[in-house]
Amino acid sequence: MEISNQVSGEEGEHLAAAPPDIDILELVRNSSSENNEDKHCHVVRPAQLVSSLGLSIDDATRELCGLLSAVGGGEDGASFVFEKVEHPDAASATATTSMVFTFPHDFEKRALRHRRNADLKQRLQTLSIGVVKAIKIFTAFGLIISLAVLIIAGICLLVAAVIAMARSGHGGGGGHRN
């Protein structure tokens, strides 16, 4: 969940543009709590992320959807609903649809567990790719070495055959010399 300060080049630009997950978790933790059917929960709107973290509304909605996915849904999980928002300052009474996210009281523990599991899967995938590459390299060197051994054995057999033919006296005399 932490972003390293030691990044370079293109990676640094990408990470600087993305908000740290910790800030989003803190904002949700400090958001208004509502008692919803005897269940303590946190209610967050993307506009809160926009005003607090300076994100666009699309990025804020994307971040909250990612958090919702990490926390998980279900009976005791996170959820969202659409609500109509009236614009009082507009000349005509217009309404916009906005998402309202509801997170359970233990959302942070669930999100951090999801992050640890995702990090573990990523590390295992990276490790397995490295192992497969090492096996491919080992196999390639093994094939090269075995081919070299076969070539050397073939050369030795040819030299032995030439020596045997030279000692036998031009190949057809049955080994008798005159």
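Keep in mind that what you see is a predicted model, and the values were worked out from it rather than measured.

1. Structural notes on the packing of helix 3 (residues 46-53) against helix 4 (residues 57-71)
And then number 1: Relative to each other, helix 3 and helix 4 sit at 115°, their axes nearing to 8 Å. The two elements helix 3 and helix 4 meet at a crossing, and its hand is right-handed. Each of Pro46, Ala47, Leu49 and Val50 in helix 3 lies in contact with helix 4, whose residues at this interface are Ile57, Ala60, Thr61, Glu63 and Leu64.
And then number 2: Class assignment of the residues belonging to the contact of helix 3 with helix 4 gives a composition of seven nonpolar, one polar and one charged.

2. Digging into the confidence of the model for the protein
And then number 1: Mean pLDDT over the protein stands at 79; residues scoring 70 or higher make up 74%.
And then number 2: Within the model, pLDDT remains below 50 along residues 1-19, and this stretch shows 13 contacts once partners closer than five positions in the same chain are excluded.

3. Details of the packing of helix 2 (residues 21-29) against helix 5 (residues 107-168)
And then number 1: Contact geometry for helix 2 and helix 5: axes closest at 10 Å, N-to-C directions at 160°. Considered as vectors, helix 2 and helix 5 are oriented roughly antiparallel to each other. As helix 2 packs across helix 5, the resulting crossing turns out to be right-handed. Touching Asp21, Leu25, Val28 and Arg29 of helix 2 are Phe107, Glu108, Ala111, Leu112 and Arg115, all from helix 5.

4. As for a nonpolar patch on the surface
And then number 1: A contiguous nonpolar surface patch, about 470 Å² in accessible area, is contributed by Leu120, Leu124, Leu127, Val131 and Ile135.
And then number 2: Under the relative-accessibility criterion, leucine 127 is labelled exposed at 54%.

5. With respect to the nonpolar core
And then number 1: Among the nonpolar cores identified, the biggest contains 18 residues, and Val28, Leu49, Leu67 and Phe103 are the most heavily contacted of them.
And then number 2: For this core, the elements supplying multiple residues, two or more each, are helix 2, helix 4, strand 4 (94-104) and helix 5.
And then number 3: By residue number, the principal contributor to this core is helix 4, which donates five residues.

Each value, and the rule that gives it
- Residues numbered from 1 in each chain as written.
- Predicted model: local features only at pLDDT ≥ 70, side-chain atom pairs only at ≥ 80, totals over all residues.
- Heavy atoms only, no water.
- Axes fitted to C-alpha atoms, helices over the stretch in contact; angles between N-to-C directions.
- Helix = DSSP H or I, 4+ residues; strand = E, 2+ residues; numbered from the N terminus.
- Left-handed = near helix turned anticlockwise from the far one by under 90°.
- Contact = heavy atoms within 4.5 Å.
- Nonpolar A, V, L, I, M, F, W, Y, C, P; charged D, E, K, R; others polar.
- pLDDT = per-residue confidence, 0-100.
- Parallel < 35°, antiparallel > 145°, perpendicular 65-115°, else oblique.
- Patch = residues over 30% accessible without salt bridge, like charges linked within 9 Å, V, L, I, M, F, W, Y side chains within 5 Å.
- Areas by Shrake-Rupley, 256 points an atom, 1.4 Å probe, with all protein chains shown as cover.
- Salt bridge = Lys/Arg side-chain N within 4 Å of Asp/Glu carboxyl O.
- Buried < 20%, exposed > 50% of the residue type's maximum accessible area, 1.4 Å probe, protein only.
- Core = buried A, V, L, I, M, F, W, Y, C linked by side-chain atoms within 4.5 Å.

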